[in-house]
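Examining the three-dimensional arrangement
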Amino acid sequence: MTLPTAAGPVLRVPPAPPAEAAAHFRASLAFHVDASDVAASLEAGGDPGFVVVDSRSTGAWDQGHVPGALHLPTALVPERAEWLLDKDVPVVTYCWGPGCNGATRAALALAELGYRVKEMLGGFEYWVREGFAYESRQGRERSDPDPLTAPTGVGDCGC
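A brief report on the enclosed structure follows.

Turning next to the overall build of the protein. Helix and strand content of the protein: six helices and seven strands. When the elements of the protein are put in sequence order from the N terminus, they spell out α-β-α-β-α-β-α-β-α-β-α-β-β. In terms of overall dimensions, the protein has C-alpha extents of about 55 × 40 × 30 Å along its principal axes. Counting only contacts in the protein whose residues sit at least 6 apart along the sequence, the fraction spanning at least 24 positions is 60%. By element, 57% of the accessible surface of the protein is carried by carbon and sulfur atoms, the whole surface being about 9,900 Å².

So this is what it looks like as structure tokens:
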């Protein structure tokens, strides 16, 4: 199959060859996980095999956080990680949402200290928007799923 010569913006730069694309997407999955997969692993019970780290400020943590997450603000990773985390247990970091790179910075700091780490795509925003329970100063809470970010009435998006 050949690409049109007058390609619009989508094909102005052609897609990578399949083997290169597969390597890229395989690598992406080694660095990222979505909120739905984190929630499913945590809700399955038992040891999920990883620890979740909220890299936001104390004020943000108090507004709400993933149940069972550890609070480790990005700026404090170098001095507190070894007290809170086991280097044999993978870490999943998150921050506010897609518009915030705090989880990326926390993941970088942890990786530089020798931790195996993934970043939760969508952060706390998508955790809440997908309707997963969260903890706040008021206790355990849950919002209705946003139909633009999570399946409603079907239980699983199928991806």
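Text resumes after the structure shown.
This part takes up the nonpolar core. Membership of the largest hydrophobic core comes to 17 residues, with the highest contact counts inside it found for Val38, Val52, Val66, Tyr94, Met120 and Trp127. Beyond its immediate chain neighbours, meaning those up to four positions away, Met120 contacts Val33, Asp34, Ala35, Val38, Val66, Val92, Thr93, Tyr94 and Trp127. Counting 13 residues, the second largest nonpolar core, distinct from the first, contains Val53, Ala81, Leu85 and Leu110.

So, on to helix α5 (residues 102-112). Looking only at α5, the buried set comprises Gly102, Ala103, Ala106, Ala107, Ala109 and Leu110. One face of α5 carries all of its buried residues, which in axial projection span an arc of 165°. α5 presents Leu108 and Glu112 as exposed residues on the side facing more than 90 degrees away from its buried surface. Contacts from the buried residues of α5 go to α4 (77-84), β4 (91-94) and β5 (117-121). Downstream of α5 by one or two residues, Gly114 has phi in the positive range, about 100°.

Relative to the elements of secondary structure, Asp54 occurs in strand β2 (residues 51-54). Judged by its relative accessible area of 0%, Asp54 falls in the buried class. Sequence spacing of Asp54 and Glu82 is 28 residues, and the spatial spacing of their C-alpha atoms is 16 Å. Apart from the residues within four sequence positions on either side, Asp54 is in contact with Trp61, Gly64, His65, Leu70, His71, Leu72, Pro73 and Tyr94.

The strand order β1-β5-β4-β2-β3 describes an open sheet built from five strands, whose pairing is parallel. Looking along the sheet, the strands with just one partner apiece sit at the ends: β1 (32-34) and β3 (70-71). As paired strands, β4 and β5 are joined by three bridges and run parallel to one another. Residue pairing across strands places Val92 opposite Lys118, the latter belonging to β5. This element, helix α1 (residues 18-31), spans β1 and β5 of the sheet and lies at about 95° to β5.

Summarising the element assignment, Thr74 is placed in the loop between β3 and α4. Accessibility expressed as a relative area gives 13% for Thr74, which makes it buried. Among the polar contacts listed, one links the side chain of Thr74 to the backbone oxygen of Gly102, at a separation of 3.1 Å. Ignoring sequence-local partners within four residues, the contact set of Thr74 consists of Ser55, Gly102, Arg105 and Ala106.

Attention now moves to the state of the cysteines. Evaluation of the coordinates by the stated rule reveals zero disulfides. Summary of cysteine pairing: Cys95 is not part of a disulfide, and the nearest cysteine sulfur, belonging to Cys100, is at 3.4 Å. Cys95 gets classed as buried once you look at its relative accessible area, which sits at 3%.

Calculation criteria
- Residues numbered from 1 in each chain as written.
- Predicted model: local features only at pLDDT ≥ 70, side-chain atom pairs only at ≥ 80, totals over all residues.
- Heavy atoms only, no water.
- Helix = DSSP H or I, 4+ residues; strand = E, 2+ residues; numbered from the N terminus.
- Contact = heavy atoms within 4.5 Å.
- Areas by Shrake-Rupley, 256 points an atom, 1.4 Å probe, with all protein chains shown as cover.
- Core = buried A, V, L, I, M, F, W, Y, C linked by side-chain atoms within 4.5 Å.
- Buried < 20%, exposed > 50% of the residue type's maximum accessible area, 1.4 Å probe, protein only.
- Arc of directions from axis to C-beta.
- Pairing = 2+ DSSP bridges.
- Axes fitted to C-alpha atoms, helices over the stretch in contact; angles between N-to-C directions.
- Polar contact = N/O pair within 3.5 Å; in protein donor to acceptor, adjacent residues only side chain to side chain.
- Disulfide = S-S within 2.5 Å.

On their own, these measurements won't tell you what the molecule is for.
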